[in-house]
Amino acid sequence: MFNRLPNIIRKPIIFYFDNEPIEALEGDTIASALLSAGVVEFRKSALSHNKRGPYCLMGTCFECLLEVDGVTQQQTCLLYTSPSPRDKRQSRMPSSA
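Residues numbered from 1 in each chain as written. Predicted model: local features only at pLDDT ≥ 70, side-chain atom pairs only at ≥ 80, totals over all residues. Heavy atoms only, no water.

Visitor: Just checking my understanding: could you explain the overall build of the protein chain for this structure?
Guide: In terms of regular secondary structure, the protein chain is built from one helix and seven strands. Counting from the amino terminus, the protein chain carries its helices and strands in the arrangement β-β-α-β-β-β-β-β. Partitioning the contacts of the protein chain with sequence separation of at least 6, the portion at a separation of at least 24 is 35%. Accessible surface, the protein chain: about 6400 Å² in total, of which carbon and sulfur atoms supply 54%. (Helix = DSSP H or I, 4+ residues; strand = E, 2+ residues; numbered from the N terminus. Contact = heavy atoms within 4.5 Å. Areas by Shrake-Rupley, 256 points an atom, 1.4 Å probe, with all protein chains shown as cover.)

Okay, structure coming up:
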């Protein structure tokens, strides 16, 4: 579904999503790396629990929210991959304080 541009040389890296290794290329956003790996469900909607995934890929729609290194509500279309982050689906929407 999602293909990388040919002839662009970037270093491969591994990051973890839901404790599974995902191969990405240096400079990929978390969202684009997950989509390239075939992950299309990032979270479930708060009320209907429908599957949600990236839509705009430019930080406008908030459909790509994941927990990144223990911080919830992270827009993964705006965050670059790196070897250390542990990303995962949010188990629930955070409550308002």
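Visitor: Any chance you could explain the side chain of Asp28 here in plain terms?
Guide: Along the chain, Asp28 falls in the loop between strand 2 (20-25) and helix 1 (30-36). The exposure class assigned to Asp28 is buried, which follows from its relative accessible area of 4%. With sequence-adjacent residues up to four places away left out, Asp28 is seen in contact with Arg4, Arg10, Ala33, Leu79, Tyr80 and Thr81. (Buried < 20%, exposed > 50% of the residue type's maximum accessible area, 1.4 Å probe, protein only.)

Visitor: Which parts of the structure should I look at to understand the layout of surface pockets?
Guide: One simple way to see leftover space: roll a probe sized like a water molecule over the atoms. The computed volume of the largest pocket comes to approximately 180 Å³. Taken together, ten residues line the largest pocket, and the ones lying closest to its centre are Asn3, Arg4, Asp28, Ser32 and Ser36. Tallied by class, the residues present in the lining of the largest pocket amount to four nonpolar, three polar and three charged. (1 Å grid on protein atoms, 1.4 Å probe; cavity = no way out; pocket = protein on both sides within 12 Å on 5 of 7 lines; lining within 4 Å. Points joined across faces, edges and corners; volume = space filled by probe spheres on them. Nonpolar A, V, L, I, M, F, W, Y, C, P; charged D, E, K, R; others polar.)

Visitor: Looking at this structure, how should I read the pairing of strand 2?
Guide: Consecutive side chains of a regular strand alternate in pointing toward one face of the sheet and then the other. Bridge analysis of strand 1 (residues 12-17) against strand 2 gives six bridges, and the strand direction is antiparallel. Following the sheet pairing, Tyr16 is matched in strand 2 by Pro21. Counting the residues that bridge the hairpin from strand 1 to strand 2 gives two residues, and of these Asp18 lies at a positive phi of roughly 50°. (Pairing = 2+ DSSP bridges.)

The analysis is restricted to geometry; functional conclusions fall outside its scope.
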